[in-house]
Structures are given as structure tokens and as C-alpha cells.
Amino acid sequence: MKQRLAILGSTGSIGVNTLDVVARHADRFEVVALTGATQVDAMLAQCERFCPRIAVMASAPHAQQLAEKIKQKRLLTQVESGASAIESIAGSTDVDAVMAAIVGAAGLAPCLAAARAGKRLLLANKEALVVGGEVFLRAVREGGATLLPIDSEHSAIFQSLPEDAATWGERVDKILLTSSGGPFRTRDLATLRDATPEQACAHPNFAMGRKISVDSATMMNKALEVIEAGYLFGMPPERIEVVIHPQQIIHSMVQFRDASVMAQLGTPDMRVPIAYGLSWPERIESGTPRLDFNTLAAMTFEVPDPQRFPGLQLAWDALRAPPGTCAVLNAANEVAVAAFLERAIRFDQIHAVNLMTLECVQPHAPDGLEALLHLDARARAAAREVVHGLAL
Ligand code: NAD
Ligand code: MG
């Protein structure tokens, strides 16, 4: 039986890489549904190639454009629009596995739907877990879903941990998340405030979506990943560390009680964690070039500089703060990054927006999707006010 897949965010960087892996294994996977937001031509090309039963565009006008083109091409794909259509696909009985590759908190509702429906849930959309926290994990438990990390660091940790999750706590000392240090690791600190969106989006090793690229430049991506690791692996914040490793050959590590360290290595290519999520517990070809240890240059490590990356510390602070704080931090950061990309604030002001929003929004312990969305909206409104006050 083929695994029936829904790829949420198929037109994005992770979505495209997922389809690249899937295309290598037509015997294993059937693409049932694809979703995007506004990229009509990219979605049309994916529909022609993968013939999904359903394609959803989050934006209604773009769905209409897609529907017209699908009709002209006489394709059989049914076109739908809107967030609720994406949510219902994520929980549909026609789907076995859901690749969650929407960017930002917009992916939370479909992730929860997939979790409640007991799907195999391939989680790239880290913001959904950062916002959803305990609510998300409860939905996974109660729905009987299988949550598989796609973020490369978390996939590396998952591959390095022993399989019997119940006893991790006793045997693991700490989790070491590696980070490339992003495009500004060595940039003159005095010029960092004036970094442009183009410079921030020029990641040294990966072509990624714009939001995660900016997060990588501020290291807020790593902050979100510390929170993600805390939830995924049930690790207290003091047992999670970050080390900069610019070559991105080691994708993260686990240190055990006896001082032994397990690491997962490979060429930096998202198709590896994607292929592992798709095939776990088996392994399939990912299309990724192999590491060549005969030609491999040196691997180096650095401590993240708190002056250069002030946002990183917010992860540990938020994990120790009252429930809901991580959701506030994520909302503030999404608003700040969008404002930076629109050139409304400077690069260094992203951190200022995050700090000020955390100061002025008191979270309440969210008990479900509605409360989370309400908190997210409240934090976004506050962050927008801060942006407005700072605006260039
Ligand atoms: P991207 O911007 O390239 O793609 C995002 C996708 O989500 C697109 O298909 C877009 O159409 C869709 N989308 C955007 N807003 C939406 C909305 N409001 N409703 C519905 N769909 C919407 O982003 P990406 O780089 O592919 O990242 C996706 C997720 O994966 C992010 O959470 C990111 O942190 C995570 N991730 C990405 C990488 C990477 O290498 N790109 C690595 C690890 C984790
Ligand atoms: Mg990552």
C-alpha cells in the first residue's frame, strides 16, 4: 500500500524538497493533496507533475486563478481555498501522512487537525510547536499521531537518541543543537544594525524561505529550535545547548551520562531529514550527495556571541516563563521579521520588538486552539504597535 501524502506548503522550500524526494519513490508515495498560499504557477506545475486529488490555495483569488488554469489544462485536480480547507485536508481520512511545511503560526490549526486525526505528522513548521506547546503535544498523544521531526537538528537528535523513549531522561545528559551562525557570524558588529533583507536572506549553506532566513541571521531560528527541542524531546531548558558549527556537517548531538556523544553527520541538505521522516523507521534514497571524508575540510565550533545574537537567550527565558510565553515570542518575531522584510524596521530592531512585546503581553495558560489563536492575535497586535513606534 502506498503512503498517501498531503503536503502543506508544497510551493515553499521544504515543500519543493519533499516533492523531490517523493518523485524518486513513485512506488511508495501517492501525493493526494498539495497546499500553497499565492504561488499559482508553481502550484499548477506541481499539479501537472503529481496529479493530486486536491490543491488548496490559502488565498481565494489565487485559488480562482489556479482553478481556471487547471481547467484549461484539463487536469483532474479539484481546487479549494482558505485556511479551513487546509485544515480539513490535514485531518482527512484520504491521507495517511501530512508534511507540515507552512511557515509560521498559520500552520498551527492544520497541525493540530493532523495530530487529532492520528496522522503520521512530519513537522517542519517549528512555529506550530513553539506556539502550540503542551496543547499540540496533548493532541498528538490523544489522537495517536506519530510526530516526526523534519527540522534537520531535531531529526539529527531523533536519529542519535536510543529508540526506547521512556528511559531517555535517565541516560541523556544534554542535547547540543548546532547552528551555522547564519550570514552575519563574522560581519563587523558595528554594521549589523544596517543589514538589509537581501543580506539577511543570503544564507551561507541553504536556500530557504525568507522568514527562516532572517531568523537564521538573528539566530532566532535557533531560539525557536531550542523551544522545539524542549517540547519534542521533553528536555528541560538547562539540558539544551547551542554550538555554532559553520560547516553544518554535524546536524546536532546528544551527550549521554557517561560522556559519550552521538552525532548525526551528512551533507547539509534538507532532503535527508525529509527522506527520514517519510520512510522512518526505514531508510530511502534522498538524492543527497554523500560526504567525502577524504576531501572534507576542517570542522570548527564556536560559542554564540550574546552581543551579536541577543535573541538566542530568549528561548531559555521563554521556556522558564509562564505557559504561553513562547507563543508571544513567536508572534512578536513573526511581526518583527515581516516588518524588517518590508524595510519598516532595522535589523537590530527585530530583537527590540521581541523584547518589548514580551514585556507588555501577559500570557494566560492557553488550553486549546482558540485560546492559542487569541493569545497569538493579542501578541501580534502588541508587536505591531511596537513596530509602529519604532518605524523608520
Ligand atoms: P517558504 O516560505 O519557502 O514556504 C512556506 C510555504 O507555506 C509556502 O508553500 C507558502 O505558500 C505557504 N504559506 C505561507 N503562508 C501561508 C498561510 N498563511 N497559509 C497557508 N500557507 C501558507 O518556507 P520554508 O523555508 O519552506 O519553511 C517552511 C517551514 O519549515 C518553516 O516553519 C521553517 O521554519 C521550517 N524549516 C525550513 C527549513 C528550510 O530549509 N527551508 C529547514 C528547517 C525548518
Ligand atoms: Mg533547523
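In every chain, residue numbers begin from 1 and rise along the written sequence. Labels are handed out in written order, letters beginning with A for the chains and numbers beginning with 1 for the ligands. Only residues with pLDDT of at least 70 get local features here, since the model is predicted, and only at 80 or more are side-chain atom pairs given and counted; chain-wide, interface and lining totals rely on the full set of residues. The side-chain numbers reported here are obtained from all heavy atoms of the structure, hydrogens and water having been left aside.

J.: Is there a simple way to explain the coordination of the magnesium ion (ligand 2) in this structure?
T.: Ideal coordination angles are 109.5 degrees for a metal with four donors arranged tetrahedrally and 90 or 180 degrees for a metal with six donors arranged octahedrally. We call an atom a donor if it is N, O or S and sits within 2.8 Å of the metal, or 3.2 Å for Na, K and Ca. Water is not counted, so some sites may look partial. Distances from the magnesium ion (ligand 2) to its protein donors, Asp151 (OD), Glu153 (OE) and Glu225 (OE), fall within 2.1 to 2.3 Å. Donor residues for the magnesium ion (ligand 2), ordered by position in the chain, follow D-x1-E-x71-E. This pair shows no difference in class: Asp151 is buried, exactly as Glu153 is. Any residue under 20% of the maximum accessible area for its type is buried, any over 50% is exposed, and the rest in between are partly exposed; the area is computed with a 1.4 Å probe on protein chains only.

J.: Would you mind going over the confidence of the model for the chain with me for this structure?
T.: Close inspection of predicted coordinates is inappropriate in any region flagged by low pLDDT. Summing up the model confidence of the chain, the mean pLDDT is 97 and the portion of residues at 70 or higher is 100%. Mean pLDDT across the secondary structure elements of the chain bottoms out at helix α8 (residues 168–171), with 82, and peaks at strand β5 (residues 97–100), with 99. Each residue gets a pLDDT score, which is the predictor's confidence in that residue and runs from 0 to 100. Numbering of helices and strands runs from the N terminus; a helix is a DSSP stretch of H or I covering at least four residues, while a strand is a stretch of E covering at least two.

J.: In this structure, what is going on with the pairing of strand β4 (residues 78–81)? I would like to understand it.
T.: Here is the key point about a regular strand: its side chains alternate between the two faces of the sheet. Pairing analysis gives four bridges linking strand β3 (residues 54–57) to β4, with the strands arranged parallel. Its bridge partner lying in β4, Val56 is registered against Glu80. A right-handed crossover is one whose linking path, passing over the helix from the first strand to the second, runs clockwise when the strands point away from the viewer. Tracing the backbone out of β3, into helix α3 (residues 60–72) and back to the parallel element β4 gives a crossover that is right-handed. Pairing between strands is defined by DSSP: at least two bridges between the two strands are required.

J.: Even after reading the chapter, I still don't get the nonpolar core, so can you show me in this structure?
T.: Most often, soluble globular proteins have nonpolar side chains that are buried together. The biggest cluster of nonpolar side chains holds 74 residues, and the ones touching the most others in it are Leu108, Leu121, Phe136, Leu147, Ile227, Phe233 and Ile240. Of the residues that make up this core, three or more belong to each of domain 1 (3–149) and domain 2 (321–392). Apart from the residues within four sequence positions on either side, Leu121 is in contact with Val98, Ala100, Cys111, Ala114, Ala115, Phe136, Thr146, Leu147 and Leu148. Among the buried residues, those of types Ala, Val, Leu, Ile, Met, Phe, Trp, Tyr and Cys that are joined through side-chain atoms within 4.5 Å form a nonpolar core. Grouped together as the second largest cluster of nonpolar side chains are 32 residues, Leu19, Leu44, Ala55 and Leu278 included. As annotated, the domain borders come from an automatic or database domain assignment. Two residues form a contact once any of their heavy atoms are found within 4.5 Å.

J.: Before we go on, may I ask you to explain a nonpolar patch on the surface in this structure?
T.: Patches draw on residues past 30% relative accessible area with no salt bridge. Two like charges within 9 Å are joined, as are two nonpolar side chains (Val, Leu, Ile, Met, Phe, Trp, Tyr) within 5 Å. Here the open area of atoms and residues is found with the Shrake-Rupley method and a 1.4 Å probe, where only the protein chains shown may cover a residue. When a carboxyl oxygen of Asp or Glu lies within 4 Å of a side-chain nitrogen of Lys or Arg, that pair is called a salt bridge. A cluster of nonpolar residues, Leu265, Phe293, Met299 and Phe301, forms a patch on the protein surface that exposes about 370 Å² of accessible area. Looking at the element boundaries, Phe301 is found in the loop between α12 (271–279) and α13 (314–320). Looking at Phe301, the relative accessible area reads 41%, which means it is partly exposed.

J.: I keep staring at the layout of surface pockets and nothing clicks. Help me out?
T.: Rolling a probe over the atoms, with the probe sized like a water molecule, indicates the empty space that remains. Residues are called lining when one of their atoms sits within 4 Å of a cavity or pocket point, these points coming from a 1 Å grid over the protein atoms alone, where a cavity is a set in which a 1.4 Å probe fits but cannot get out and a pocket is an open set with protein on both sides within 12 Å along at least five of seven lines. Grid points are joined across faces, edges and corners, and a volume is the space filled by probe spheres set on the points. Estimates place the volume of the second largest pocket at around 540 Å³. In terms of lining, the second largest pocket is formed by 22 residues, of which the most central are Leu147, Phe158, Ala165, Trp168 and Leu232. Elements with a contribution of two residues or more to the lining of the second largest pocket: α6 (126–143), β7 (146–149), α7 (152–160) and α11 (220–233). With four residues, β7 is the largest single contributor of residues to the lining of the second largest pocket.

J.: Which parts of the structure should I look at to understand the pattern of salt bridges?
T.: Side chains bearing opposite charge may pair, as long as their charged atoms lie close to each other. Under the defined criterion, the tally for this structure stands at 25 salt bridges. By sharing partners, the salt bridges in this structure join Lys126, Asp151, Glu153, Lys222 and Glu225 into a single network.

J.: What am I meant to see in the site of ligand 1 here?
T.: The full set close to ligand 1 counts 23 residues, and Thr11, Ser13, Ile14, Glu127 and Gly209 are the nearest of them. Under the rule applied, a polar contact is a pair of N or O atoms within 3.5 Å (in protein, one hydrogen donor and one hydrogen acceptor; residues adjacent in sequence only if both atoms are side-chain atoms). Contact between ligand 1 and Gly12: an oxygen atom at 3.1 Å from a main-chain N or O atom of the residue. The separation between an oxygen atom of ligand 1 and a polar main-chain atom of Ser13 is 2.9 Å. Look at ligand 1: alone it shows 830 Å² of surface, and the protein chains cover 85% of it. For the shell around ligand 1, the secondary-structure elements that each account for two or more residues are α1 (13–23) and α6. What makes a residue near a molecule or strand is one non-hydrogen atom of that residue sitting within 4 Å of it.

J.: Which parts of the structure should I look at to understand the pairing of β5?
T.: A two-sided burial pattern is seen for β5, the buried positions comprising Ala97 and Met99 on one face and Val98 and Ala100 on the other. Where strand β1 (residues 3–8) and β5 come together, four bridges link them in parallel fashion. Among the inter-strand pairings, Leu8 is bridged to a residue of β5, identified as Ala100. Two elements, β5 and strand β6 (residues 120–123), share four bridges in a ladder whose sense is parallel. Paired with Val98 across the bridge in β6 is Leu121.

J.: Mind showing me how you'd approach the packing of aromatic side chains here?
T.: Where two aromatic rings form a pair, the distance of their centres and the angle of their planes describe that pair. Here is the rule: rings of Phe, Tyr and Trp (six-membered ring for Trp) pair when centre to centre is within 6.5 Å. Planes less than 30 degrees apart are stacked, more than 60 are edge-to-face, and the remainder are tilted. A full pass over the atoms with the stated rule returns four aromatic pairs. Residues Phe340 and Phe347 carry aromatic rings whose centres are separated by 5.5 Å and whose planes lie at 70 degrees to one another, so their mutual orientation is edge-to-face. Phe347 carries the same exposure label as Phe340, and that label is buried.

J.: Please clarify how the sheet that holds β3 should be interpreted in this entry.
T.: Backbone-to-backbone hydrogen bonds join strands into a sheet, with any given pair of strands oriented parallel or antiparallel. Taken together, the seven strands give an open sheet; going across it, the order is β4-β3-β2-β1-β5-β6-β7, and neighbouring strands pair in parallel fashion. Since the sheet does not close on itself, it has two edges, and those belong to β4 and β7, each with one partner. For this sheet, the mean angle separating the axes of adjacent strands, direction not counted, is 20 degrees. Helix-sheet contacts for helix α2 (residues 40–50) involve β2 (29–36) and β3, and the interaxial angle to β2 is about 165 degrees. Angles run from 0 to 180 degrees between N-to-C directions of axes, and those axes are lines fitted to C-alpha atoms, restricted for helices to the stretch in contact.

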